Amino acid sequence: MYIKIAKIFDLEGEKILRVNLKYTEVAITRVEGEIVAFEDSCTHDGEEISSGEREGNCIICPRHLAKFDLKTGEALTMPATVPMKLFPTRIVGDDIEIETEEL
């Protein structure tokens, strides 16, 4: 099921928005003009990753500097070895929606 999590005009440039769902924190951003949504948790230790540095299509965890590809979720550097979870997104009117089981 898709749920609305933000308005398109809330997401400018490479800004990262954090949205708290019932059981998961989700972050959304633009990567090469596409909207990307990911679980806001480093797969290495659960640290919030949305406050990390952006480097092109990647984000770097602020705690142990693990690097993830925002388009694929792939863990690119140690200490992370597990990809981060990405959520399918779509635009409906002015709304950004993600596909999730949560309400």
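That block above? That's the structure.
To keep things clear, this report deals only with the structure shown in the data block.

Parameters and conventions
Residues numbered from 1 in each chain as written. Predicted model: local features only at pLDDT ≥ 70, side-chain atom pairs only at ≥ 80, totals over all residues. Heavy atoms only, no water. Buried < 20%, exposed > 50% of the residue type's maximum accessible area, 1.4 Å probe, protein only. Helix = DSSP H or I, 4+ residues; strand = E, 2+ residues; numbered from the N terminus. Pairing = 2+ DSSP bridges.

**Section: the pairing of strand E3 (residues 25-31)**
- Burial within E3 is extensive, with five of its seven residues counted as buried.
- Here strand E2 (residues 17-20) runs beside E3; their pairing, made up of four bridges, is antiparallel. Residue Arg18 lies in a different strand from E3, and its bridge partner there is Ala27.
- Connecting E2 to the next strand, E3, in antiparallel fashion are four residues.
- Taking the residues between adjacent antiparallel strands as the criterion, E3 and strand E4 (residues 34-39) are bridged by two residues, where Glu32 takes a positive phi near 50°.

**A short note on unusual backbone geometry**
- At the junction of Met78 and Pro79, the peptide bond is cis and its omega measures out at 10° in the coordinates.
- Its place among the elements puts Pro79 in the loop between strand E7 (67-69) and strand E8 (86-87).
- The phi dihedral of Glu32 falls on the positive side, at around 50°, and the residue is not glycine.
- Position of Glu32 among the secondary structure elements: in the loop between E3 and E4.
- For Glu32, a relative accessible area of 60% corresponds to the exposed category.
- We note that Leu65 has phi near 70°; this positive angle belongs to a residue other than glycine.
- Its place among the elements puts Leu65 in the loop between strand E6 (58-60) and E7.
- On the basis of relative accessibility, which here comes to 58%, the residue Leu65 falls in the exposed class.

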